[in-house]
Every structure is written in C-alpha cells, then in structure tokens.
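Take a look at the letters that make up each chain.
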Amino acid sequence: MESLRWWQRAVFYQIYPRSFADGNGDGIGDFVGMAARLDYLRELGVDALWLSPHYPSPFLDCGYDITDYTGVAPEYGTLDDFAAFLREAHARGLRVILDLVLNHSSDQHPWFVESRAGRDSPKRDWYVWRDPAPGGGPPNNWTSIFGGPAWTLDPATGQYYYHAFLKEQPDLNWRSPALKAAMWDAARFWLDLGVDGFRLDAIATIFEDPELRDHDLDLDMDALVDVNTLTPEQYERLMGRQSKQPGLHELMRELRALVDAYPGDRVLVGEDDDLTFHGSGEDELHLVFNFPLMRARRLTPGHVRANQALRLAALPAGAWPCNTLGNHDSPRVWSRYGDGAHDAALARLHLALLLTLKGTPFLYYGEEIGMADLQLGALEQVRDMAALHRYARLVGRGGVAPEAATRITLATTRDRCRGPMQWGAGPNAGFSPPGVATWLPVHPNAQAGVSVAAQAGDPGSLLGFYRRMLALRRATPALVAGDYEDLPEAGQGCLAFLRRGAGQACLVALSFAADAQALDLGPVGGRARLRFASAGRAEGGLVEGELALGPFEVVVAELG
Ligand code: NOJ
C-alpha cells in the first residue's frame, strides 16, 4: 500500500467551477465559493480535485474555448483567489489538478487573432491553415466532432482553418515549435504555482494527417446530425485521419518529462480510453479513463466482467487503471442508472462498484447527494453551443420540426449534467443568494431532499453512504492495492470479485437484481467477515456457507 503513489490511492472529485459554489452572489460559481467548501470535500473523504477549465473564455464550449492559458476567468475570481484556493486545498491534504486543453484555443485568443491577421503573420502557423481545394471549397471532407465541416473559411486571407470541435475553437498546430514552447510554458506556469497535475482534454485530435487525406466513409454527411450516432467502425473511418496521428506519443512523452522534472509526483490523466497512452507504463500518461465502462447505457454484471477482463489484461505493466461513471459530458449517474423504482439503491450500487474496482476512481460533483439531470424548459436556457448547433442541423438538414428538435435538444444537451450544486433547500439551493439568476437553473428537487443540508446529518442518506464507502476504501488496503479476481459463479444477477493484496483479501458482492440473490461462499473458503453492507447488517458478523443478498445490496467482507 505504501509503495503506491498518491494518485493510485486517491479518489478524485471533479468540480465544474461554474456550478460548484457562488462566493460573490452573481449566479456563477467561483474560487472564493469553492474555497469555502473545501471542508465539506475533506469530510466527504475524497483526496484530489479535478477542476474543469477555469481560464478566461467566451464560454461557447463551457470553458473549453480558452482565451488565456495562464489566466483565471474574471467571473471565477483572480489569480490570487486561485492561489488561495490551492493553498487551502493543500492545507487540507487535498490535491488539485487542472484541465489542460491542448488541442484548440478560442478564436478570440490573441494568438488566433494574430494568426488570422494575415498569411505572413508570425503566428500564422500556430494554427492549421490551408488553401481551398483546387475547385474551391474546404481543403478536404473532414467533419467536426460537434457536426458540420471541420474547416471554416477566413474570407480576408482566403484560407481555411481547421477545427476538430466548434468553429470558434481553432485547432492549435503542434507541429509549430513556437506554439509548442508557448503551451509548455503555460503548463509550467501552473506547475510552478503548485498544481498537482493535469487532466488532458481531447488528446486524440492534437495531430491531423499531414497529407489531409479525405475520410472514406460512404455516408451522406449533409444528413449526419451527430457523429456520436455512428457505429464505432463508422466513427473510426470518419475520424481516423483526424485523430491518433503519428507524433502523439512523442508529444505525451515530452509532456511527461516536463511534469516529471517537478517534485511531488505530479500526475497526467488523459481524456481518452486508449491504453497505449500509458506508453511503457512509466513514460507517457499516468492514467486514462475506462470510458467503455461509463458508456454502457445500463451496467450488468456481464458488462462489468467483460470490461474488467479486457482492460486489466491489456494494461501495460506498470500502468494503473482509472474508472469513472460520470462527468460534465455525460448524463448524471442518478439519471442514467436509475430505473424510476430503485433510483437510490442503484446510485449506491454504482458508487460501490466504482470504489471497489481496481483503479483510481473519479467522482463527479453532486453525485454524492443524488443530483439528477436538469430538465431545461426552453432553448434560451441552453448554454452549450454544441447543442444549439445540433438543433440547427436537426431542423435544417435533418428536416425535424422545431418543436421536436427543441425537445430532443433539451433532453440531450450537456447542460443537463452541469447544474448548480445543491447545498441546501430554499431559493437557489444555497448555491447563490436568493433572488439571483443562476447561470443554469437550480434543479427543483433541491427542495425535496436532494441537498447537502438535507442529507448531512442522516447516515442513512446517499451522502451518508458516500462517506461510509469512502471511509471503508480508505481503511481497507486490499480495496486500493489488491488485485482483482472475478468470481464467475456469482451468476447473472450478481457481480462478485475478490480484491487480494496488501496482506488482505476482500470479497465484494454487488447485486444488480431487484430480487433476492445468493452467493455460494464455497469457492472462497466458505466464510467471510462482514466489513460493510448497504442493508444495515451488523458489521463484523460472520457469514457462512451462503451470502444472501437483498435487491441491489452491496456487501464487502474480509476472508480469512
Ligand atoms: C472534451 C471535453 O470534456 C468537452 O466538454 C469539450 O467539449 C471537448 N473536449 C472539446 O474541448
């Protein structure tokens, strides 16, 4: 256990700065607000925080469109506020990693403004500019991940610039040594201030095919509304030349060397599920997310088993797994895994899974109180530009009626998982003062028990369960350091596995069924001592022969 590094032992908690706590009463979260909630996070029992982008931004992609890589968005405070937050977090033993957005900047970044000023601008090659195709039109048929063409014409200079995401997010050209140096300086700026590492945004798309060869997916691209609706094979054919290009692993190694030059074991977490980003296990990224686990619409024991078998076997020696079930791009855990009848039990079950699988877990703010997806009432409330572009495509090329397109957009916009944190009951849920218009509406269920204040004093609440589970993990070395060993005899409705290591062997049994399940303890020696159960069994009790599990019950027991 001691031989593990801090980021292998840690539980991370993702904060969306705009939505966590509003310290100055303007309806937008900020560093003063976040700093005031650090005690809450320490008491919750997490070890490290990942902040979604906190940089100045026109906010068309909710902060992932940056105009200054070494600044703080004025609505979040000043650099001093940031430094105070970091100091206070560290004083409480909480590490902090930042979001490093390498692939693109905002089109309002001074670098891009200078780059687009003329073909002979010294920063022209900091972005990806190309002449039109011989007969006119974009240089090739590439697509933006947010839909529509990946090229936008700059009429003044007669060239197109490339953007893997919004047209307001031009791709940086990492083949320019000057650009690379400027970005590494930005990374050093935050490392010098003492941050503990970075989550690396959209790494796959950093380089494009230098020959700009067309994709060969035979599809009516004009009619394609959302690239996420493609099969994995289609997606690969569409995006293959826009992602995972040569040069990427060398770049990750460079960044790793840069980070490793700092004391304190700073960490790099890639926003990708490709295990090759671990490199040799020591020379590229420390962690990459197990997104295939998160992407299943519903998790079943079979899913988890297959996922673990595949991922753990493919992990390079020396690399460490990393699991998550929610983030700012995906539906909330409560809404995704809930079935309407057993929502609370399912939320507990999924947390238990995340905290007992092998690997570093990432939680998403508000999960711990069961925050649900927001249901926005009107398009005017949508803040995520990608969703509005999709709406336009639905109505335009998709031929969908505006009312239906509105319904689809409101039901799918990423805004729905980015709502203000619910601290208390009452107006604005304690996120902002009463009467203030918050940047996204507060979910009405804040008045119905979905708040920190409503749950904090109740050990039987979801928040109480999160605290107990996090404390259990902290106190049980095998759950952190142990190997994962599937117990296939658990059957269809139940997932059971052993975590063996650090001088301990723990049995984890998770029922995914709404009816009673029984687990034969024969294969693990016939008996186990109870460490934790969701159903109020007496801790320390001995279970012999067979473990009977109630609906969606979670049991952790120690063998031997
Ligand atoms: C991935 C981020 O998680 C997402 O929110 C963003 O829109 C894209 N990268 C582009 O930066």
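Our structure's up above, just so we're on the same page.
All values reported here derive from a predicted model rather than from experimental measurement.

Novice: Even after reading the chapter, I still don't get the site of the ligand, so can you show me in this structure?
Specialist: In the vicinity of the ligand, the contacting residues are D61, Y64, H104, F146, F165, R199, D201, E271, H328, D329, R414 and R418. Separating an oxygen atom of the ligand from a side-chain N or O atom of D61 is a distance of 2.7 Å. Residue H104 places a side-chain N or O atom 3.0 Å away from an oxygen atom belonging to the ligand. Its free accessible area being 300 Å², the ligand has 97% of it covered by the protein chains. Judged by the fraction of its atoms near the pocket grid, the ligand is located in the largest pocket. Looking at side-chain class alone, the shell around the ligand contains three nonpolar, two polar and seven charged residues.

Novice: Would you mind showing me how to read the environment of R130 here?
Specialist: Turning to its location among the elements, R130 is positioned in strand β4 (residues 129–130). Judged by its relative accessible area of 32%, R130 falls in the partly exposed class. For R130 and A387, which are 257 residues apart along the polypeptide, the C-alpha to C-alpha distance reads 28 Å. For R130, the contacting residues outside a window of four places in its chain are P139, W151, Q159, Y160 and L212.

Novice: What is the right way to look at the packing of aromatic side chains in this model?
Specialist: For any pair of aromatic rings, the description rests on two quantities: the centre-to-centre distance and the angle between the ring planes. Taken as a whole and judged by the stated rule, the model has 32 aromatic pairs. When the ring of W129 is compared with that of Y161, the centres are 5.5 Å apart and the planes differ by 70°; the resulting orientation is edge-to-face. Of this pair, W129 sits in strand β4 while Y161 is found in strand β6 (residues 159–162), placing the two residues 32 residues apart along the sequence. Across the pair, exposure class does not vary: W129 and Y161 are buried alike. Taken together, F31, Y55, Y69, F82, F85, W111, W126, F189 and W190 form an aromatic cluster joined through their ring pairs. Cation over ring: R18 sits above F59, and NZ or CZ is 3.6 Å from the ring centre. Of note, R37 hangs over the ring of W423, and the distance from its end group to the ring centre comes to 3.9 Å.

Calculation criteria
Residues numbered from 1 in each chain as written. Predicted model: local features only at pLDDT ≥ 70, side-chain atom pairs only at ≥ 80, totals over all residues. Heavy atoms only, no water. Near = heavy atom within 4 Å. Polar contact = N/O pair within 3.5 Å; in protein donor to acceptor, adjacent residues only side chain to side chain. Areas by Shrake-Rupley, 256 points an atom, 1.4 Å probe, with all protein chains shown as cover. 1 Å grid on protein atoms, 1.4 Å probe; cavity = no way out; pocket = protein on both sides within 12 Å on 5 of 7 lines; lining within 4 Å. Sits in = over half its atoms within 2 Å of the grid points. Nonpolar A, V, L, I, M, F, W, Y, C, P; charged D, E, K, R; others polar. Helix = DSSP H or I, 4+ residues; strand = E, 2+ residues; numbered from the N terminus. Buried < 20%, exposed > 50% of the residue type's maximum accessible area, 1.4 Å probe, protein only. Contact = heavy atoms within 4.5 Å. Phe/Tyr/Trp six-rings, centres within 6.5 Å; stacked < 30°, edge-to-face > 60°. Lys NZ or Arg CZ within 6 Å of the ring centre and 35° of its normal.

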